[in-house]
Amino acid sequence: MKIYQILFFAMAAMALSKTAVAQQKIKQINPNWLEIQDSLGSWRNTANPAGLTRDQPVQFSKVQATYDIEEGDFRRPQQAQKINSQSIYGAGNTQLDDYYLQGFIRYNRQFREDATYNASLIDPFRDMPYYIIDSNASDWLNQLYTMGFDLASPVFKDKWTAGLSVDYQAASGAKQRDIRAENTQFGLSIRPGLTYQIDANHVAGFNLLFATSKEESVNSNVNVYVDQGYFIHYGLGHAIPYVGSGTNMNYESEKWGAGLQYEYHGLWNLLLSTNYAIAAETANIGFLDGRTQGSILTRQSESSLRATRENTVFAHQIVLNYAFKLGEGTEYWNEFVPGLESDGYINRHKAVRSTYSNSFGEASYTLIKKTEDGYDWKLRGQASYRKRDDQYLLPQSTFGMSYLNYALSFDKMINSRNATYTLGGKIGNGHSLSGDYRYGGERADELPVQELMRSDLNFFTTDFLSIEIPFTYSLQVDNKHIHNFYVQAVGSWFDARSTEYQNRKKITLSVGAIF
């Protein structure tokens, strides 16, 4: 039996499980209440599944169907002009004796219209610099499957807990216009972890990470009477032009990492979490006797501090996040060697030709007036800063930008018999602090430089105003059981302060049940 079949049956078993423990502790579980539990919960916001037992989670199951549509010209060049997607999501948890198990499964179908400058990646924003670009705006039809589970042990000897997290994802994608692409992708990640109770107020945690993924892209032409132009991109506009039916790309990656956590219980509950990982991904032309075009070695770290203080009426939470990622792109010089035994490409030289640096910092403060069903109201302020500094070493090119975002939101819940209504509003501002792109290579007037990179720079140097309005209606169907039906709607509007862009809007509608 394959791993996704095991996960599917585990999820089905959890969805059918009863919720006797939860019925005794709370009046009902609604989206409002779940949002507060996820926000204030400690270990569920880390990468260590061993801490889930210490969060004392309540048992429930959830199914949700979501439809969203996104449209507008305020976008990065590889992003579609219009995105239409539908998804089905299921999640649940249960106790197996003293062990805790939670799992999820999600299916998402995306139809992206008029996406440009990408003919070999399902996700063009995953920091892979080596990919195929062409000049034809095209549609993409993608299907994404993700599933996973977290298993946490009981507390052994009043000190230790152990845990295991496994996530599996598979995806397919198809570009609808020449140069056409048919992509398949899968990925698997495994995270084992431990926690140790130092004393009544101090807990330490440790986890490991291993992940692997593979993506294949097969390109072809339907109109064989026209030579389609395309480029193999190497980063920051450096590209080699081709004319023909395209080529096939094969991406393979592995990732290794570790994380540390420390929790303190006092007047303020503190949880400090940090993770470090090294990942390597190689891009080959062809599948069986591949010709390596490039590889990227990425070192990344993520740290967060969550400080929470609660009483019977209010909850205060301060969250600080910081992430840093540094990538080194290596290019390969290959020679085709003919012969009966040595026929094929042989690598003659390789060298680091580009570096990619990204840093991100965020701070937020949330004040919540609590109720038994979640919250009466919630006020949140946040600010984030992002900086990007990329370099192509020889010939030298640079791309840099820095950006500041800040936002303020308020949500209010109203009770009416067995129903609750939650209406909120969020207003944000994005302000460009700096941005510059300088190309030092040959063919500076071609598409990768003048359209792809220039458009990317224009997007990152445009200020904008954002408005988001969420609404949730939830109905407690049964007073004796946790049977909650809900409808959620979120509308978002991004207004670009630019003569080049106008706006981008998104509407998300969800229907779900909690039981």
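Nothing here was measured: the structure is a model prediction, and the numbers come from that model. (Residues numbered from 1 in each chain as written. Predicted model: local features only at pLDDT ≥ 70, side-chain atom pairs only at ≥ 80, totals over all residues. Heavy atoms only, no water.)

## Points about helix 4 (residues 447-460)
Compared with an ideal rise of 1.5 Å per residue, which puts 14 residues at 20 Å, helix 4 spans 19 Å between its outermost C-alpha atoms and is within 8% of the ideal. Its maximal kink placed at arginine 454, helix 4 deviates by approximately 25°. Along helix 4, the residues that are buried comprise Leu447, Pro448, Val449, Leu452, Met453, Asp456, Leu457, Phe459 and Phe460. Buried-residue contacts for helix 4 involve strand 4 (131-134), strand 9 (228-235), strand 10 (238-244), strand 16 (374-392), strand 17 (397-416) and strand 18 (419-438). (Helix = DSSP H or I, 4+ residues; strand = E, 2+ residues; numbered from the N terminus. Expected span 1.5 Å × (residues − 1). Bend = angle between axes of the 7 residues up to and from the residue. Buried < 20%, exposed > 50% of the residue type's maximum accessible area, 1.4 Å probe, protein only. Contact = heavy atoms within 4.5 Å.)

## Some details on the environment of arginine 443
Summarising the element assignment, arginine 443 is placed in the loop between strand 18 and helix 4. In this structure the C-alpha to C-alpha distance between arginine 443 and histidine 238, which are 205 residues apart in sequence, comes to 8.8 Å. Setting aside anything within four residues of it in sequence, one finds arginine 443 in contact with Ala239, Ile240, Pro241 and Val449.

## Section: the sheet that holds strand 9
What the three strands build is an open sheet, ordered 4-9-10; its pairing is antiparallel. Strands at the two margins of the open sheet, each flanked by one partner only, are strand 4 and strand 10. Taking the axes of each pair of neighbouring strands and ignoring which way they run, one obtains an average angle of 35° across the sheet. Note: strand 9 against strand 10, seven bridges, orientation antiparallel. The residue of strand 10 that forms the bridge with isoleucine 232 is isoleucine 240. (Pairing = 2+ DSSP bridges. Axes fitted to C-alpha atoms, helices over the stretch in contact; angles between N-to-C directions.)

## Observations concerning the packing of aromatic side chains
One pass over the structure, following the stated rule, counts 16 aromatic pairs. Note on tryptophan 160 and tyrosine 196: the rings are 4.7 Å apart at their centroids and 50° apart in plane angle, and the pair reads as tilted. Here the residue tryptophan 160 occupies a position in strand 6 (residues 160-175), and tyrosine 196 occupies one in strand 7 (residues 180-199), the gap between them amounting to 36 residues. Assessed through its relative accessible area of 41%, tryptophan 160 is described here as partly exposed. On the numbers, 5.4 Å between centres and 15° between planes, the contact of tyrosine 230 with tyrosine 242 is stacked. (Phe/Tyr/Trp six-rings, centres within 6.5 Å; stacked < 30°, edge-to-face > 60°.)

## What to know about the pairing of strand 6
The pairing of strand 5 (residues 138-152) with strand 6 spans 13 bridges and is classified as antiparallel. Paired with alanine 152 across the strands is glycine 163, a residue of strand 6. Of the pairings in the sheet, the one linking strand 6 to strand 7 comprises 16 bridges and is antiparallel in character. Looking at the pairing, lysine 175 lines up with alanine 181 of strand 7. Taking the residues between adjacent antiparallel strands as the criterion, strand 6 and strand 7 are bridged by four residues.

## Considerations on the side chain of asparagine 503
With respect to the helices and strands, asparagine 503 occurs in strand 21 (residues 503-514). With relative accessibility at 15%, the residue asparagine 503 sits in the buried group. Those residues in contact with asparagine 503, other than ones at most four positions away along the chain, are Glu71, Gly72, Asp73, Phe74, Trp493, Phe494, Asp495 and Ala496.

## Considering the confidence of the model for the chain
Across the chain, the average pLDDT comes to 91, with 94% of residues at or above 70. Here residues 6-25 scores under 50 on pLDDT; set against residues more than four positions off or in separate chains, the count is 38 contacts. (pLDDT = per-residue confidence, 0-100.)

## Focus: the nonpolar core
Met128, Ile133, Tyr251, Phe399 and Tyr437 are the most contacted members of the largest nonpolar core, which totals 38 residues. Those elements that provide at least two residues to this core are strand 4, strand 9, strand 11 (249-264), strand 12 (269-285), strand 17 and helix 4. No other element matches the seven residues that helix 4 contributes to this core. Excluding residues that lie within four positions of it along the chain, tyrosine 437 makes contacts with Leu236, Gly237, Thr398, Phe399, Val449, Met453, Arg454 and Leu457. Core analysis: the next-biggest nonpolar cluster, separate from the first, contains eight residues, Leu34, Phe60, Ile482 and Tyr486 among them. (Core = buried A, V, L, I, M, F, W, Y, C linked by side-chain atoms within 4.5 Å.)

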